[in-house]
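The chain contents come next:
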Amino acid sequence: MRTDPDTVAAKITVAHEHWLIRFEELMDRIADCFPRRETRMTCRNMIEAILTVQETANCWTLAESIGHRGPHVLQHFLSRARWNDDSVRDRVAAWAVGELGDTGVVLVVDETGDEKSSTDAVGASRQYSGALGGVGLCQVAVHLSYATAAGHTLIDRRLFLPSGWAADEERRELAGVPEEVMFASKPQLAVDMLARLHAGGVTEAWVAADEVYGGRETRTAIRDLAYRYVVAVKTDHRVTVPAGTFTVTDLVKGLPVRSWQRLRTGSGTKGDRNYDWAVIDVLADDTPDGHPAGNSTLLVRRHRYTGTLSFYRCWSDAPHPLQELVGVVCRRWRIEEDFQAAKGLTGLDQGQVTGWTSWHRWSLMSMVAYALLAVTASLERGDTTQTGEVELVPVSCRELVKLLRGFALPRPRQDIDPEHALRWSLWRRRHQYRAATCHRRWNEATAASIT
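Only a predicted model underlies this, so the values are computations on that prediction, with no experimental measurement involved.

J.: What is the right way to read helix H13 (residues 334–345) from this model?
T.: Residue pairs spaced three or four apart in an α-helix point in one direction, given the helix's 3.6 residues per turn. With 12 residues, H13 extends 16 Å from end C-alpha to end C-alpha; this agrees with the ideal 16 Å at 1.5 Å per step. Among all positions of H13, only Ile335, Asp338, Phe339, Ala341, Ala342, Lys343 and Leu345 are buried. Within two residues after H13, Gly347 carries a phi angle of roughly 65°, on the positive side.

Below, the structure is given as structure tokens:
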């Protein structure tokens, strides 16, 4: 019997049914975090608008899409409204963990930067960011991603406050940084997120991270939480073996040829990606008080053509096969996919917010929207009954957004109400005129005071 592709394609659009169920379920779960109905509805509308707008997502564009007469409702929601954003974060994380399951859990920590035009934005300073490709004026935040065999999504974040910002009382007050917030390094922020997740019930997992988080204190803290880890380390990292203490680069020089094993680590547009791998037993240097030594190893990856080496410190309570350790390394890159999708689809880096509270609430709304996308996409990939005989690649979050805009999400108000679109055009132009006038007067006053 021949399957009609059009019929199958129509069945595949049940993605919007998965979305509607999960969306209502999550909104019900976080409802009592909002003491007022108005803020509860604003949260709901904002999440839908983040996925609806196809231009830069900020309070202006979202408010226009929702149907507000100005951005004031959203600005109040982000900066001054009374609602418990910490509780929303924890409940959304618990929901995502429950939906994605506990098979092959890897907790990935990494930081990303958002370019800024002014140091007025909380935490903004000239600092290194891999997203910018070097040093630039940006905000940097450490994120935590929950990855399983079913899917992956961002579940937590911490804004990195540089030491200059943490010590500047005037800037702290202007940005609304709480008194109890102190300077914390990126590894300390990562450990704080892991500890919170552990307290929330996720007690069995691997932790994966790059070399920023490969220090002894960080690895000790991870072990103290009873997590296993595979963490990248620098080429001059020192390890101890029965023969003595060596840098990882020197230690690899003595490996016999038979120690290397070639494994497939994924597929690219040009075919499979294969690397040579080796494992060396090393002595643990990060055992917390009262904990057993466990199984500590050094995992080495070698590019099969260039010979470039990468090193990873690994620890687990019992030995694990090479393939599993390599799988954890490969799953670490899921957070890069999360950054790309969250920035491109849910406006993680587009908020144009400057205060401490508004930054955390904007990033939270973006993460909630992305978690809904990621979970719905994982359900679609796991639903094999919808494709029939038609061969398809798994649905991506980007493809899912296109389906949702056609079947589930409300249409932008300006698309169905020309008067609303015209009113917003006038509002933007009037606001921009006033802003330009104020800037000009300020520049003229500054120039006069200098002369």
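J.: Sorry if this is basic, but what is going on with the environment of Gly67 here?
T.: Within the element layout of this structure, Gly67 appears in the loop between helix H4 (59–66) and helix H5 (72–79). Between the alpha carbons of Gly67 and Arg441 there is a distance of 33 Å; along the sequence they are 374 residues apart. Excluding its chain neighbours within four sequence positions, the residues that come into contact with Gly67 are Arg413 and His420.

J.: I'm lost on the side chain of His152 in this one. Help?
T.: For His152, the location among the structural elements is in strand E4 (residues 152–159). A polar side-chain atom of His152 sits 3.2 Å from a polar atom in the side chain of Glu337. There is a polar contact of 2.7 Å between the side chain of His152 and the side chain of Asp338. When neighbours within four sequence positions are excluded, His152 is seen to be in contact with Leu100, Ser145, Tyr146, Ala147, Arg334, Glu337, Asp338, Tyr370 and Ala374.

J.: What's the story with unusual backbone geometry in this structure? I'm lost.
T.: As a rule of thumb, non-glycine residues mostly have phi less than zero, and peptide bonds are mostly trans rather than cis. Within the chain, Ala226 stands out as a residue other than glycine whose phi angle is a positive 70°. With respect to the secondary-structure elements, Ala226 resides in the loop between helix H10 (216–224) and strand E6 (228–233).

J.: Is there a simple way to think about a negative patch on the surface in this case?
T.: A cluster of acidic residues, Glu169, Glu170, Glu173, Glu179 and Glu180, forms a negative patch on the protein surface. Tracing the chain through its elements places Glu173 in helix H8 (residues 169–175).

J.: Any chance you could explain the pattern of salt bridges here in plain terms?
T.: Using the criterion set out here, one finds 27 salt bridges in the structure. Close ionic contact of Arg171 with Asp168 constitutes a salt bridge, the shortest N to O distance being 3.3 Å. Residue Arg302 pairs with Asp276 through a salt bridge whose shortest N-O separation is 3.2 Å. You can see Arg302 sitting in strand E11 (residues 295–303) and its partner Asp276 sitting in strand E10 (residues 271–281), a full 26 residues away along the chain. Members of the salt-bridge network, linked through shared partners, are Asp86, Arg89, Asp90, Asp156, Arg157, Arg158, Asp192 and Arg196.

Cut-offs used in this document
- Residues numbered from 1 in each chain as written.
- Predicted model: local features only at pLDDT ≥ 70, side-chain atom pairs only at ≥ 80, totals over all residues.
- Heavy atoms only, no water.
- Helix = DSSP H or I, 4+ residues; strand = E, 2+ residues; numbered from the N terminus.
- Expected span 1.5 Å × (residues − 1).
- Buried < 20%, exposed > 50% of the residue type's maximum accessible area, 1.4 Å probe, protein only.
- Contact = heavy atoms within 4.5 Å.
- Polar contact = N/O pair within 3.5 Å; in protein donor to acceptor, adjacent residues only side chain to side chain.
- Patch = residues over 30% accessible without salt bridge, like charges linked within 9 Å, V, L, I, M, F, W, Y side chains within 5 Å.
- Areas by Shrake-Rupley, 256 points an atom, 1.4 Å probe, with all protein chains shown as cover.
- Salt bridge = Lys/Arg side-chain N within 4 Å of Asp/Glu carboxyl O.
- Lys, Arg positive; Asp, Glu negative; His and termini not counted.
- Charge placed at Lys NZ, Arg CZ, Asp CG, Glu CD.

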